[in-house]
Amino acid sequence: MEPMQRFRQECTAFFEKLSPEGRCSLVFGDGKIKNPVLMLIGEAPGEQETLQGKPFVGKAGKNLSAFLEAVGIDRKELYVSNVVKVRPTKISPAGGIVNRPPNREEKLLFTPWLMREIAIVRPDALVTLGNVALQAFMENTVGNVHGKWQRVVVAPPEKAAFTLPLFPLYHPASVIYNRSLAEVYQADLVTLRDSLLADSTSQNDS
Ligand code: URA
């Protein structure tokens, strides 16, 4: 069996065992599964992502795609996933089902699975979208480190740890209603595109 297929089966079995109903709708990653230039990591799926079974297809996803397009990064060349792979929900005061941020237990349970996933995908670099994804790797906030390359340890359970470059970005949902943050986000994406271009030029030269 393919490593990614096995990963999905094992992850599903693990979380279904924990779920009181014995089943749960996990949303796995999407895109280039083997050695993409970048692996983008978000927080958790929302309603649309759960319905369509793919990360970042709802409102935040449209925003992400538009920004990537604006700086000439092709989403099809990337692998996109989330730390938490099941939609965290709560009941709103009006009685509807709405999203909520993932809690500490969800983040702790899903982080080793994220590390395994990265070890299978083996991207050249990671891009975290927002604080939940960033904090799976370091104790810092996106306000401090956005747009600046970091180097982080990826430690999959029972496998050798390795390091990868990581570029922190704001979460695309957080920039939807905040124009000044949208400008910072756009500038960070330009920095990212320029470093990818510089890398591919130096590889072509060697
Ligand atoms: N926000 C995320 O962090 N992930 C998704 O998949 C969708 C919205």
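Residues numbered from 1 in each chain as written. Predicted model: local features only at pLDDT ≥ 70, side-chain atom pairs only at ≥ 80, totals over all residues. Heavy atoms only, no water.

**Q** Go over the overall build of the protein, please, and point to the residues and values.
**A** The secondary structure content of the protein amounts to seven helices and eight strands. Radius of gyration (C-alpha) of the protein: 17 Å, near the 17 Å computed for a compact globule of 206 residues. The buried share of the protein, taken over its 206 residues, is 43%. Of all intrachain contacts in the protein linking residues separated by at least 6 positions in sequence, the fraction that spans at least 24 positions is 67%. Across the protein, the centroid of the 24 positively charged side chains sits 3 Å from that of the 22 negatively charged ones. (Helix = DSSP H or I, 4+ residues; strand = E, 2+ residues; numbered from the N terminus. Rg over C-alpha atoms; globule rule 2.2 N^0.38 Å. Buried < 20%, exposed > 50% of the residue type's maximum accessible area, 1.4 Å probe, protein only. Contact = heavy atoms within 4.5 Å. Lys, Arg positive; Asp, Glu negative; His and termini not counted. Charge placed at Lys NZ, Arg CZ, Asp CG, Glu CD.)

**Q** Account for the environment of Ser25, with residues named and values stated.
**A** With respect to the helices and strands, Ser25 occurs in the loop between helix H1 (3-18) and strand E1 (30-31). Looking at Ser25, the relative accessible area reads 45%, which means it is partly exposed. Residues Ser25 and Met115, 90 residues apart in the sequence, show an inter-C-alpha distance of 20 Å. Residues in contact with Ser25, not counting those within four places in the same chain, are Thr50, Lys85 and Val86.

**Q** Give a description of unusual backbone geometry that names residues and reports values.
**A** At Asn35, a residue that is not glycine, the phi angle is positive and equals roughly 50 degrees. Here Asn35 lies in the loop between E1 and strand E2 (38-42). On the basis of relative accessible area, Asn35 is assigned to the partly exposed category, the value being 43%.

**Q** Tell me about the packing of aromatic side chains, and please be specific about residues and values.
**A** Under the definition given, this model contains eight aromatic pairs. Judged by centre distance (4.5 Å) and plane angle (85 degrees), the rings of Phe67 and Tyr185 are edge-to-face. Residue Phe67 is located in helix H3 (residues 59-70), and its partner Tyr185 is located in helix H7 (residues 179-205); the two are separated by 118 residues in the primary sequence. With relative accessibility at 12%, the residue Phe67 sits in the buried group. Joined through ring pairs, the aromatic side chains of Phe7, Phe14, Phe15, Phe28, Phe110 and Trp113 make up one cluster. Taking NZ or CZ as reference, Arg116 lies 4.5 Å from the ring centre of Trp113, over its face. (Phe/Tyr/Trp six-rings, centres within 6.5 Å; stacked < 30°, edge-to-face > 60°. Lys NZ or Arg CZ within 6 Å of the ring centre and 35° of its normal.)

**Q** Just give me the short version of the pattern of salt bridges, but keep the residues and values in it.
**A** Overall, the coordinates contain five salt bridges when judged by the stated rule. As a salt-bridge pair, Lys85 and Glu117 come within 2.9 Å of each other at their nearest N and O atoms. Note that Lys85 is positioned in the loop between strand E3 (79-82) and strand E4 (89-91) and Glu117 in helix H4 (residues 104-121), a separation of 32 residues in sequence. Under the relative-accessibility criterion, Glu117 is labelled buried at 0%. When the shortest N-O distance is used, the salt bridge between Asp194 and Arg193 registers 3.3 Å. (Salt bridge = Lys/Arg side-chain N within 4 Å of Asp/Glu carboxyl O.)

**Q** So what about the site of the ligand? Which residues, and what values?
**A** Taken together, Gly42, Glu43, Ala44, Pro45, Glu49, Pro55, Phe56, Ala60, Asn82 and His171 form the complete shell of residues around the ligand. Ala44 places a polar main-chain atom, nitrogen or oxygen, 3.0 Å from a nitrogen atom of the ligand. Burial of the ligand by the surrounding chains reaches 91%, relative to a free accessible area of 240 Å². Of the residues assigned to the shell around the ligand, the class counts are five nonpolar, three polar and two charged. (Near = heavy atom within 4 Å. Polar contact = N/O pair within 3.5 Å; in protein donor to acceptor, adjacent residues only side chain to side chain. Areas by Shrake-Rupley, 256 points an atom, 1.4 Å probe, with all protein chains shown as cover. Nonpolar A, V, L, I, M, F, W, Y, C, P; charged D, E, K, R; others polar.)

**Q** I'd love a proper account of the environment of Leu196, names of residues and values included.
**A** Following the sequence through the fold, Leu196 ends up in helix H7. Along the chain, Leu196 and Leu38 lie 158 residues apart, while their C-alpha atoms are 9.5 Å from each other. Here Leu196 is in contact with Val37, Leu38 and Ile73, once residues within four sequence places are set aside.

**Q** Explain the side chain of Lys85 to me, using residue names and the numbers behind them.
**A** Given the relative accessible area of 0%, Lys85 is considered buried. Side-chain polar atoms of Lys85 contact the backbone oxygen of Asn82, separated by 2.5 Å. Those residues in contact with Lys85 that sit more than four places away from it in its chain are Phe7, Ser25, Leu26, Val27, Phe28, Pro45, Phe110, Leu114 and Glu117.

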